Amino acid sequence: MPAIEANGLTKIFGRRPQRGVKLLKEGADRARLRREGLTPAVIDATFEVAPGEIFVVMGLSGSGKSTLIRMVNGLLEPTDGVMRIDGQDVTHLSAAGLREVRRTKVSMVFQHFALLPHRTVGENAAYPLKLRGVNKAEREARAEEALALVGLKGWGGSLPSELSGGMRQRVGLARALAAGTDIMLMDEAFSALDPLIRKEMQDQLLELQAELGKTILFITHDLNEAMRLGDRIAMMRDGRVVQVGTSEQILNEPANDYVAQFVADVDRSRVLSAGDVMERPVAVIGPESGPKAAHKLMREHQVSSLLVTGRNRKVSGVVFENDVADAVRQGSDRLPLSGEPVAQVSPDTPLAELFHDAAVSRAPLAVVAEDGRLQGVIPRVTLLSALSVPATDSADTAADGEDPADGEPVLDAAGAK
Ligand SMILES: Nc1ncnc2c1ncn2[C@@H]1O[C@H](COP(=O)(O)OP(=O)(O)OP(=O)(O)O)[C@@H](O)[C@H]1O
Ligand SMILES: [Mg+2]
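Values in this document were obtained by computation on a predicted structure and should not be read as measured data. (Residues numbered from 1 in each chain as written. Chains lettered and ligands numbered in written order. Predicted model: local features only at pLDDT ≥ 70, side-chain atom pairs only at ≥ 80, totals over all residues. Heavy atoms only, no water.)

A. Just the overall build of the protein chain, in detail. When you go through the protein chain residue by residue, the secondary structure sums to 19 helices and 16 strands. Considering only C-alpha atoms, the protein chain reaches an extent of 85 × 60 × 40 Å along its principal axes. Looking at the protein chain as a whole, 48% of its 417 residues are labelled buried. By sequence separation, contacts in the protein chain at least 24 residues apart represent 64% of the contacts at least 6 residues apart. Approximately 20,300 Å² of the protein chain is accessible, and the part contributed by carbon and sulfur atoms is 47%. Mean positive and mean negative side-chain charge positions of the protein chain (49 and 57 charges, respectively) differ by 7 Å. (Helix = DSSP H or I, 4+ residues; strand = E, 2+ residues; numbered from the N terminus. Buried < 20%, exposed > 50% of the residue type's maximum accessible area, 1.4 Å probe, protein only. Contact = heavy atoms within 4.5 Å. Areas by Shrake-Rupley, 256 points an atom, 1.4 Å probe, with all protein chains shown as cover. Lys, Arg positive; Asp, Glu negative; His and termini not counted. Charge placed at Lys NZ, Arg CZ, Asp CG, Glu CD.)

B. Representation of the side chain of Arg139. Mapping Arg139 onto the fold places it in helix H6 (residues 136-149). Buried Arg139, no salt bridge; nearest opposite-charge side chain is Glu140, N-O distance 6.4 Å. A polar contact is formed between the side chain of Arg139 and the backbone oxygen of Val134, at a distance of 3.0 Å. Not counting residues up to four positions away in its chain, the partners in contact with Arg139 are Ala126, Leu129, Lys130 and Val134. (Salt bridge = Lys/Arg side-chain N within 4 Å of Asp/Glu carboxyl O. Polar contact = N/O pair within 3.5 Å; in protein donor to acceptor, adjacent residues only side chain to side chain.)

C. Main features of the sheet that holds strand S11 (residues 284-285). Pairing in this open sheet of three strands is mixed, and the strands run S11-S12-S13 from one edge to the other. If you trace the sheet from one side to the other, it starts and ends with S11 and strand S13 (315-320), each paired once. Judged from the two bridges that link them, S11 and strand S12 (residues 305-309) form a sheet pairing that is parallel. Opposite Val284, over in S12, you have Leu307 as the bridge partner. (Pairing = 2+ DSSP bridges.)

D. Molecular detail of the domain arrangement of the protein chain. Splitting the protein chain by domain gives domain 1 (4-105 + 181-266) and domain 2 (275-385). Centre-to-centre, using C-alpha coordinates, domain 1 lies 43 Å away from domain 2. (Domains from an automatic or database assignment.)

E. Quick look at the pairing of strand S16 (residues 374-378). Among the five residues that make up S16, four are buried, leaving the element largely enclosed by the rest of the structure. Relative to S16, strand S15 (residues 365-368) runs antiparallel, the two being bridged by four bridges. Considered in S16, the bridge of Val367 is made with Gly376.

F. Examining helix H17 (residues 380-387) more closely. Among the eight residues in H17, six count as buried, and that is most of the element. The complete set of buried residues in H17 reads Thr382, Leu383, Leu384, Ser385, Ala386 and Leu387.

G. A look at the pattern of salt bridges. Under the criterion given, the structure shown has 18 salt bridges. The salt bridge involving Arg329 is made with Asp326; its shortest N-O contact spans 2.4 Å. Taken as a pair, Arg329 and Asp326 lie in helix H15 (residues 321-329) at a separation of three residues, close to a single helical turn. Assessed through its relative accessible area of 33%, Asp326 is described here as partly exposed. A single network of salt bridges, built from pairs that share partners, joins Arg19, Arg32 and Glu36.

H. How the structure looks around the packing of aromatic side chains. Applying the stated criterion across every chain, the model contains three aromatic pairs. Judged by centre distance (5.2 Å) and plane angle (15°), the ring pair of Phe47 and Phe55 falls under stacked. With relative accessibility at 5%, the residue Phe47 sits in the buried group. Lying over the aromatic face of Phe320, Arg362 brings its terminal NZ or CZ to 3.9 Å of the ring centre. (Phe/Tyr/Trp six-rings, centres within 6.5 Å; stacked < 30°, edge-to-face > 60°. Lys NZ or Arg CZ within 6 Å of the ring centre and 35° of its normal.)

I. Quick look at the site of ligand 1. Around ligand 1, the surrounding shell holds 13 residues, and the nearest of these are Ser61, Gly62, Lys65, Ser66 and Thr67. Backbone polar atom of Gly62 to an oxygen atom of ligand 1: 2.8 Å apart, as the coordinates give it. Side-chain polar atom of Lys65 to an oxygen atom of ligand 1: 2.8 Å apart, as the coordinates give it. Those elements that provide at least two residues to the shell around ligand 1 are strand S2 (39-49) and helix H3 (65-72). Looking at the shell around ligand 1, the element that brings in the most residues is H3, giving three residues. In terms of residue class, the shell around ligand 1 is built from three nonpolar, seven polar and three charged. (Near = heavy atom within 4 Å. Nonpolar A, V, L, I, M, F, W, Y, C, P; charged D, E, K, R; others polar.)

J. Structural detail: the sheet that holds strand S7 (residues 183-187). With respect to topology, six strands assemble into an open sheet ordered S6-S7-S8-S3-S9-S10, the strand pairing being mixed. Taken across any chain shown, the strands that pair with only one partner, and hence form the sheet edges, are strand S6 (106-109) and strand S10 (240-245). When strand polarity is set aside, the average angle formed by the axes of neighbouring strands in this sheet is 20°. Taken together, the five bridges between S7 and strand S8 (residues 215-220) define a ladder with parallel strand orientation. For Met184, the partnering residue across the bridge sits in S8 and is Ile216. (Axes fitted to C-alpha atoms, helices over the stretch in contact; angles between N-to-C directions.)

K. Structural view of the UniProt feature "domain: CBS" (unreviewed entry) in the protein chain. With numbering aligned to this structure, UniProt lists the feature "domain: CBS" (unreviewed entry) at residues 278-334. A helix fraction of 35% and a strand fraction of 23% characterise residues 278-334, whose end C-alpha atoms lie 29 Å from each other. (UniProt positions renumbered as here; feature names shortened; annotations may be inferred.)

L. Structural context of the packing of helix H5 (residues 121-131) against H6. One way to put it is that H5 packs onto H6 with a least axis distance of 8 Å and a crossing angle of 120°. Between H5 and H6, the crossing angle belongs to the class labelled oblique. Viewed along their axes, H5 and H6 form a crossing whose handedness is right-handed. Contact residues: H5 offers Val121, Gly122, Ala125, Ala126, Leu129 and Lys130, while H6 offers Arg139, Arg142, Ala143 and Leu147. Grouping the amino acids of the contact of H5 with H6 by side-chain chemistry returns six nonpolar, one polar and three charged. (Parallel < 35°, antiparallel > 145°, perpendicular 65-115°, else oblique. Left-handed = near helix turned anticlockwise from the far one by under 90°.)

Rendered as structure tokens:
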């Protein structure tokens, strides 16, 4: 069951919102609604967030992100559509019902921290529990635990004014954690922070997520942040969700020109990882095979090298076409293993970290699982073409890595690194 489920969710501001719904259903555009004094902030949003997922909502200012998140936590009632939390329809709950959902199911981290200035850090972290009537001893214990989780152990007695911006936002995070809800909503939670601190907070959120498995709905207008954090990303434009997908899908299969332009200047080398671009390891041969078999395999797959794997699919070396051809001519029956190293990387290594390895050996990179088994290969040409922005009408070309020309302009940029 999804943790959050939006179905045709729509919010229209103005005096006659239902008229706006009707107009939209008749195919009217935003300009038409505006002429009637109606603002369609969110239009027909449909998506599901799985338990334990980090789902990022991404879009320019005014695209409807905050309106969307406020319908999720019940601060705004949808004009149309259905909103479910843990399968429960919360669209038209009474005020009391909504409070209950808010207190037990979702907590929120705000951009400007929203700390109470005259309360201590500990009291701030414990505040939602106080509202819920949790007794003092328990809420202090839970607040302390949450502060420790975000790296603020020992700061409970301080006032917010004694903390830096980054630390204050950690208090905001601790407050959401202390509340103990499974769902956390974060609206531009890191946007007010300096870049370095912001990156630290992103790392910390990912760590917490790995540890606690919360469902997180994270709003940002920063694409790099979206790509770093999101298991999936929903791209919003003018109130509509125009694409939902993994960062890789958004990068390589943008649903339209708008998304394509949006992602055009993303640093692909930091967003994509080895596992995203690796190819099936077909050009692989066992150590007992001879040069003839190697030669045949190379011709079959049109490659100039083969990885050699031993027992348990562990990589033991590489052979190159010239050496194999020589061995065949000389009638040798042993594979002419090259002395060149084969770099072995894990599937989640960012592409940016692969260039060095790719530069020092002609062999393709071997992508291996934790136990050392070969999972995929990355020929150099694939690495380079993965970095080039796909054209919207032929999104597969670069992703398939079949067109070396695509990668060439990138070579200089990457090589100069
Ligand atoms: N209470 C309101 N009354 C009228 N219009 C509103 C209200 N809240 C938001 N809007 C309008 O709805 C649209 C979407 O606003 P929203 O705040 O959801 O966008 P956003 O994506 O969060 O933008 P930002 O990145 O600037 O925070 C905007 O046109 C905004 O002016
Ligand atoms: Mg907003």
